[in-house]
Structure formats: C-alpha cells, structure tokens
Amino acid sequence: MIFALIGNQNCGKTTLFNQLTGSSQHVGNFPGVTVEKKEGTIRGTSHTVVDLPGIYSLSPYTAEEVVTRDFLLQDKPGGIINIVDATNIERNLYLSLQLLELQIPTVLALNMMDELTACGGSIDISTLSRELGIPVVPISASKNQGISELVHRAVETAEKRIKPQRLDFCSGEVHRAIHGIAHLVEDHAAAIGMPLRFAATKLVEDDQPTIEALGLNRNELETLVHITAEMETALGTDREAALADMRYTYIEGLAEKAVHKPRETREQQRSVRIDALLTHKYLAIPIFLLIMSLVFWLTFGLLGAFLSDWMGLGIDAVTAWADEGLTALGINTVLHSLIIDGVFAGVGSVLSFLPTILVLFFFLSLLEDSGYMARVAFVMDKLLRKIGLSGRSFVPMLIGFGCSVPAIMATRTLSSERDRKMTIILTPFMSCSAKLPIYAVFTAAFFPDHGAVVMISLYLLGMVVAVLYGLALKNTLFKGNPVPFVMELPAYRLPAPKSIALHMWEKAKDFLRKAFTVIFMATIVIWLLQSFDLRFNLVSDSSASILALIGTALSPLFAPLGFGNWMASTALLTGLTAKEAVVSTLAVLTGAGDTASLPPLLSQLFDPPAAVAFLCFTLLYMPCVASFAAVRREYGSTLRAVGIMAAQTTIAWLVAFGVHQLALLIL
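Quick summary incoming for the structure in this document. (Residues numbered from 1 in each chain as written. Predicted model: local features only at pLDDT ≥ 70, side-chain atom pairs only at ≥ 80, totals over all residues. Heavy atoms only, no water.)

1. Some words on the packing of helix 15 (residues 354-370) against helix 22 (residues 497-531)
- Relative orientation of the contacting elements helix 15 and helix 22 amounts to 145°, with a least axis distance of 9 Å. As for how helix 15 packs across helix 22, the hand of that crossing is right-handed. Facing L354, I357, L358, F361, F362, S365, L366, E368 and D369 of helix 15, the residues of helix 22 in contact are S499, I500, H503, M504, K507, A508, F511 and L512. (Axes fitted to C-alpha atoms, helices over the stretch in contact; angles between N-to-C directions. Helix = DSSP H or I, 4+ residues; strand = E, 2+ residues; numbered from the N terminus. Left-handed = near helix turned anticlockwise from the far one by under 90°. Contact = heavy atoms within 4.5 Å.)

2. Comments concerning the sheet that holds strand 3 (residues 48-51)
- Strand order across the open sheet formed by 6 strands is 2-3-1-4-5-7, with mixed pairing between neighbours. For this open sheet the edge positions go to strand 2 (38-41) and strand 7 (136-138), each flanked by a neighbour on one side alone. This sheet shows a mean twist of 25° between the axes of neighbouring strands, independent of strand direction.
- Pairing between strand 5 (residues 106-111) and strand 7: 3 bridges, direction parallel. Within strand 7, the residue paired with L110 across the bridge is P138. (Pairing = 2+ DSSP bridges.)

3. Concerning the environment of L367
- Along the chain, the position of L367 falls in helix 15.
- For the pair L367 and I357, spaced 10 residues apart in the sequence, the C-alpha separation amounts to 16 Å.
- Beyond its immediate sequence surroundings of up to four residues, L367 is in contact with I291, M292, V295, Y372 and M373.

4. Section: the packing of aromatic side chains
- On inspection of all chains with the given rule, the structure shows 20 aromatic pairs.
- Summarising the aromatic geometry, the rings of F306 and W310 are spaced 6.3 Å apart at their centres and angled 70° between planes, so their arrangement reads as edge-to-face. Taken together, the residues span about one helical turn, with F306 and W310 both in helix 13 (residues 284-329) at a distance of 4 residues. Taken as a pair, F306 and W310 share a single burial class, namely exposed.
- With a centroid separation of 6.2 Å and an interplanar angle of 50°, the aromatic rings of F563 and F606 are classed as tilted. Taken together, the residues span a long stretch of sequence, with F563 in the loop between helix 23 (546-558) and helix 24 (566-574) and F606 in the loop between helix 26 (598-602) and helix 27 (608-620) at a distance of 43 residues. An identical accessibility class is assigned to F563 and F606; each is buried.
- Members of the aromatic cluster, connected to one another through ring pairs, are F442, F446, F447, F558, F563, F606, F614, F617 and Y621. (Phe/Tyr/Trp six-rings, centres within 6.5 Å; stacked < 30°, edge-to-face > 60°. Buried < 20%, exposed > 50% of the residue type's maximum accessible area, 1.4 Å probe, protein only.)

5. Here's the deal with the environment of T223
- If you trace the backbone, T223 turns up in helix 10 (residues 218-235).
- Note: C-alpha distance between T223 and I181 (42 residues apart in sequence) is 8.6 Å.

6. Details of a nonpolar patch on the surface
- Together, L294, W297, L302 and L303 make up an exposed nonpolar region whose accessible area comes to about 380 Å².
- Mapping L294 onto the fold places it in helix 13. (Patch = residues over 30% accessible without salt bridge, like charges linked within 9 Å, V, L, I, M, F, W, Y side chains within 5 Å. Areas by Shrake-Rupley, 256 points an atom, 1.4 Å probe, with all protein chains shown as cover. Salt bridge = Lys/Arg side-chain N within 4 Å of Asp/Glu carboxyl O.)

7. Considerations on unusual backbone geometry
- Even without being a glycine, K76 presents a positive backbone phi close to 45°.
- Tracing the chain through its elements places K76 in the loop between helix 2 (63-75) and strand 4 (79-85).
- Residues other than glycine seldom take positive phi values, yet Q103 does so here, at roughly 55°.
- Here Q103 is to be found in the loop between helix 3 (89-100) and strand 5.

8. Observations concerning the pairing of strand 4
- The buried fraction of strand 4 amounts to 7 of the 7 residues, a majority that puts the element mostly inside the structure.
- The two faces of strand 4 match: G79, I81, I83 and D85 on one face and I80, N82 and V84 on the other face are all buried.
- Where strand 1 (residues 2-7) lies against strand 4, 5 bridges are found, and the strand directions are parallel. Bridging from a neighbouring strand, A4 pairs with I80 of strand 4.
- Pairing between strand 4 and strand 5: 6 bridges, direction parallel. Across the sheet, I83 pairs through a bridge with A109, a residue of strand 5.
- Between the parallel elements strand 4 and strand 5, the chain passes through helix 3 in a crossover that is right-handed. (Right-handed = clockwise from strand over helix to strand, strands pointing away.)

9. Some points on helix 28 (residues 625-635)
- Residues S627, F628, A630, V631, E634 and Y635 constitute the buried set of helix 28. Projection of helix 28 onto a plane perpendicular to its axis shows the buried side chains occupying an angular sector of 160°, all on one side.
- Contacts made by the buried residues of helix 28 are with helix 18 (404-410), helix 19 (417-426) and helix 29 (638-666).
- A positive phi of about 70° marks G636, the residue just after helix 28. (Arc of directions from axis to C-beta.)

Okay, structure coming up:
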C-alpha cells in the first residue's frame with residue numbers, strides 16, 4: 001500500500017518521514033524545504049510512504065497544494081498519515097478537516113507531545129479521536145516515540161479500509177449550502193470518482209479545477225451560483241470566509257473539549273526572548289551580517305583553510321605515490337601524463353576544497369535547523385519588497401548559496417507566478433558552493449592575508465548585483481506588487497546532530513559524485529585537447545594545441561577585463577559544465593603537479609586587477625548547464641532560458657569590466 005504523509009509546514013513531517021523510512025532526507029526548520037514529494041519504504045513493512053509538501057489547505061493556490069491535491073485525487077493512496085503539531089493543534093486541524101472529506105483511511109499523528117506535556121498541557125486523545133472519527137496516535141518524531149504504534153494503526157486502518165467516520169462539521173447556512181450542492185452534483189462526482197463532500201465544499205469555494213472536472217451544465221452552474229449567493233447574503237460574508245469560519249468554529253469547540261491549554265512552551269518562551277534581539281527593527285540586519293561574517297571567517301580563515309591544507313597534503317602524497325608507481329612500472333609517457341597531469345591534477349585540485357565546503361554547510365545547517373533562517377526571511381521582507389519581491393523569495397535565494405539547481409526548484413513554493421519567475425532570474429546571482437574552490441585558489445595566490453574579506457565581498461557583490469537587477473526588472477518586465485508575505489516562524493530548537501550530519505553527507509556525496517564524473521571527464525577532455533594539435537600530433541607546447549585555438553578565439557572577449565589569455569578563456573568555458581572545473585582546468589593547463597603549486601602559477605596568467613575581475617566574472621556569469629536546464633524546465637521555454645543566461649553573462653562582463661578599471665586605480 002501507499003501512504004500519503006501530509007501536514008502543515010514545520011510540524012515535523014520530514015522528521016517523521018525519516019523515522020518511518022530510515023531515509024537520509026535532510027530535515028529543515030524553515031518553510032518550503034520540501035518542494036517535491038519523496039518516497040520511502042516504511043521500515044519493517046513492504047508499504048510505501050510519500051512525503052508530500054507542507055501545506056495549510058487543499059485549495060490549489062500554490063505549487064505545493066497542487067502537488068498534494070493531485071496526488072490524493074489522482075493517485076488515490078491507500079491511507080493518509082496526517083501529522084499535526086500538538087503545540088499548535090487549532091491551526092493544524094484546519095487541514096485535517098479537509099482531508100477527512102476525501103474519505104481516505106486516515107490516522108492523525110499528534111506530534112511534539114513531549115513539548116506539550118513538558119509545559120503542563122495535555123490532550124484527551126480518546127475525545128479527539130471520537131470527535132474526528134479517525135484514530136489518533138500521540139508521537140514525538142524527533143525522539144522516535146510512538147512511531148511503531150503509529151505504523152501499526154495506519155496499516156490496520158488502511159488494510160481494513162476504515163474511512164473517517166465523521167464528515168459533517170457544519171451548521172446553519174453553510175450546512176444548507178453544502179448539502180444543497182451535494183444533491184446537485186452527486187451524479188457528476190460519482191462518475192469521476194471524486195468524494196462527494198469534498199466536491200461540494202470545493203464548489204462552495206468556487207474552486208475552478210473542481211468545476212471543470214465535474215463538467216456541470218449551464219443550469220447546474222446557475223443553481224450553484226444561486227445557492228452560494230443566498231449563503232453569502234444570509235451570513236454577510238464571502239463564501240471562502242464562511243467555510244473558514246465554519247471549520248474554525250468547530251475546531252474551537254473541539255479544543256475546549258479535548259485540549260488543556262498549556263502555558264507557553266520553553267521553546268516558545270525562549271524564541272520570544274531571542275527574537276526581541278534577532279528581529280529587532282534596526283539591529284536584525286547588522287546581526288545577520290555579523291553572523292555570516294563570522295561563518296565565513298571560520299570557514300575560510302580558520303577551520304576550513306586548515307582542514308583543506310591537510311587534505312591537500314594527503315592528495316599530494318597520493319599523487320606522488322602514483323607518479324612513482326607509474327614511473328617504476330615503465331608506463332607509456334603519454335598515458336603517464338594523462339593520469340598524473342590530467343586526472344590527478346584536475347580532480348585532486350578540486351577534492352582538496354571538500355573540507356571547506358563541509359565546514360560552510362555545517363554552519364549553514366546550524367542556522368537553518370535552529371530556525372534562524374526563517375527569521376532572516378522575515379527581516380528581509382522589507383528590503384526585498386523594494387525590488388518587487390516578498391521575504392518568501394529569500395528562501396530560494398538562500399538555498400542558492402548551496403546550489404542553484406535546488407534553489408530554482410524551490411521557487412515552486414512561491415504562490416505568485418510573477419514573484420516565482422523574477423526569483424528564478426535573480427537566484428543564480430547568489431554564490432553557489434561550487435565556486436568556492438575558485439575563490440580559495442585565487443585568494444591564496446593574490447590575497448593570502450585577506451581571505452575572509454575577499455570571500456565576504458564576493459558574496460555581498462552577488463547580492464548587490466541581484467538587488468540592482470531586481471530593481472531594473474521591477475520597473476520593466478515585472479511591473480506590479482509582490483504578494484503579501486506570510487511565513488510561520490518556528491520556535492528555536494537545538495539542531496539534531498543527525499540532521500546536520502545528513503546534510504553535510506549529502507553535500508559531500510554530491511561534491512564527490514561531481515568530482516569523479518563531470519570533473520573527471522572534463523579533465524580528460526582538457527588534457528587531450530591540450531596535448532594534441534588539429535592533426536592529432538602530440539605537441540610539446542600547449543600553445544599549439546587544439547585547446548589553445550579555442551581559447552584564443554574566445555580571448556578577445558575577455559581582454560578588456562584584463563585576462564585575455566587562452567588559458568583563462570578555456571577555464572571559463574569548461575566552467576559551464578561545473579564551476580569546480582575552472583580550477584581543475586587551470587591546474588591541467590598550467591601543469592600544476594599538486595594543489596599547492598597552482599596559486600603561484602596563476603601569477604603568470606593574471607595580475608591582481610585581472611584576478612579581481614576574474615573572480616567577479618566567475619561569481620556572476622552563467623551557472624552550470626544543470627542550472628540552465630532547471631531554468632528552462634521552470635520557464636517551459638528554451639529561448640527564454642537562453643535569454644536569461646545571456647543577460648546574466650552580459651551583466652557579469654559589465655561588472656567585471658567596471659571592477660577591473662577600479663582595481664587598476666587602487667592596486
């Protein structure tokens with residue numbers, strides 16, 4: 001059987017999914033972390049559970065709601081596990097009442113019961129179960145408490161096809177409207193297999209997908225309009241507010257019967273005290289910049305640099321051992337050069353920066369899972385509105401500091417199509433982790449005593465350019481106002497070590513996979529093109545190679561930026577496969593035998609002003625082909641994706657040109 005795991009954002013849904021499946025899914029603590037459904041097998045069973053996006057209702061206003069609703073209506077799972085935050089039960093039950101209308105076997109997982117009881121609260125489980133007409137199981141997903149009982153009840157309920165025993169929570173005018181519409185569309189709903197109660201309430205809401213699916217004729221549509229108009233006139237409110245009032249009235253009555261109100265939880269009390277400082281009107285942004293500066297200093301100036309140096313020494317030792325071994329075996333010199341000067345130099349130069357990336361994501365995971373990043377989105381709302389976006393857009397942009405591909409996909413959580421498309425355009429300006437090896441190598445070569453300052457400056461430059469570009473888009477292609485910003489701020493919690501470890505492992509796995517696939521193949525191709533001329537004769541001087549011809553053809557484009565040499569041009573071209581390939585290409589082309597030898601060799605290709613311009617260009621120009629594919633998929637147009645990337649690369653060239661002119665005056 002297939003179970004759908006559904007709940008509000010920040011109710012512990014992904015944590016429960018990991019407990020049910022033993023999956024290595026990352027657990028985040030800010031809204032929007034789950035963009036697409038994820039599947040896993042429930043441990044100890046052959047049943048599948050699907051982790052659906054966090055939503056607040058089944059109205060198809062956002063991509064998350066559409067994904068969830070389509071899955072429930074079209075895939076028809078065998079059961080629903082509806083996870084509810086026990087500390088915010090009134091708000092969470094609003095979705096639960098809508099799920100009951102689907103007449104799918106459902107079990108309510110009452111999560112965070114340990115937090116509720118710790119602050120003197122309690123819930124009458126039997127009363128709650130009786131009033132809702134479904135099994136209710138108290139659990140604590142983070143502590144793995146009650147999970148086995150939940151699985152047992154869910155499987156039992158689904159196998160016996162025990163549907164929710166209660167559907168009718170309405171009274172008065174809403175009751176008359178829903179039941180009148182139900183009689184009107186009963187045959188239509190049965191014909192397409194849509195639950196009657198769900199169809200009736202959606203028609204009260206004037207839900208267009210439901211109206212289209214039912215195929216009502218003109219007379220039925222006129223009757224529908226007449227019924228809802230009578231309800232609105234009698235209640236003095238609109239149809240959606242009437243349904244919301246009906247549901248919340250029932251929930252309030254149920255809470256009085258079954259829920260003993262606690263004092264504020266320790267987590268909530270602590271959050272209020274911390275937020276007084278971290279979301280302060282004037283101090284919030286300076287504190288955020290200070291925190292990020294500390295993270296970058298620790299990553300690039302203390303911990304990360306130290307660990308990367310040790311990693312580099314290990315890679316150099318392995319390279320030397322392999323070099324000696326190949327020499328002792330008398331391996332052909334061409335093959336020897338391919339392995340040592342191509343593969344080891346290219347892949348090794350990238351691998352040495354793995355510790356730096358892991359340190360960065362350790363700190364980002366701490367900030368994310370603690371709940372702080374949700375506050376940053378809240379604080380950034382006022383600033384983002386000036387460029388035509390809401391604070392909600394900060395979440396994909398934040399993900400963009402890791403990788404542009406999931407960041408672009410995360411824009412699906414934005415309810416406004418205008419905001420979504422504008423955010424897709426601006427997100428690639430955020431500096432992704434793949435660019436860190438480039439920054440590190442050039443910083444070591446030209447600014448060894450100012451590593452943290454250079455890193456912070458590059459990250460800030462990406463954000464500043466995005467802001468300026470956003471202002472231009474707001475006044476041209478994307479005129480209009482952003483949607484109102486609504487985001488739940490979760491309570492501050494200590495991040496789980498397992499969650500942080502899983503996040504870091506995911507990044508390490510992605511990095512290693514890229515290093516031994518894309519980068520590995522790129523270094524071989526670069527070595528081959530660098531070692532042979534057009535007649536495929538082995539060259540003694542790489543300037544006579546095929547690669548030199550390609551790089552020379554491109555170099556005039558970059559001459560105004562200060563690095564009009566064929567090696568730099570070639571590195572930027574291979575960077576389109578993956579940004580780490582820029583470093584591996586330079587390592588192969590310069591003949592750097594080990595990671596430590598690359599920075600000194602760069603001084604032969606660049607002077608300091610050119611190095612600064614090169615850093616700015618690599619920061620801002622078109623991301624990798626995977627990002628291009630993501631943009632094309634989200635926009636649904638190859639031509640538009642090409643236009644977006646061409647515009648970004650043009651901006652990168654202009655900024656790098658301006659920075660180079662300024663650097664010539666200063667440096």
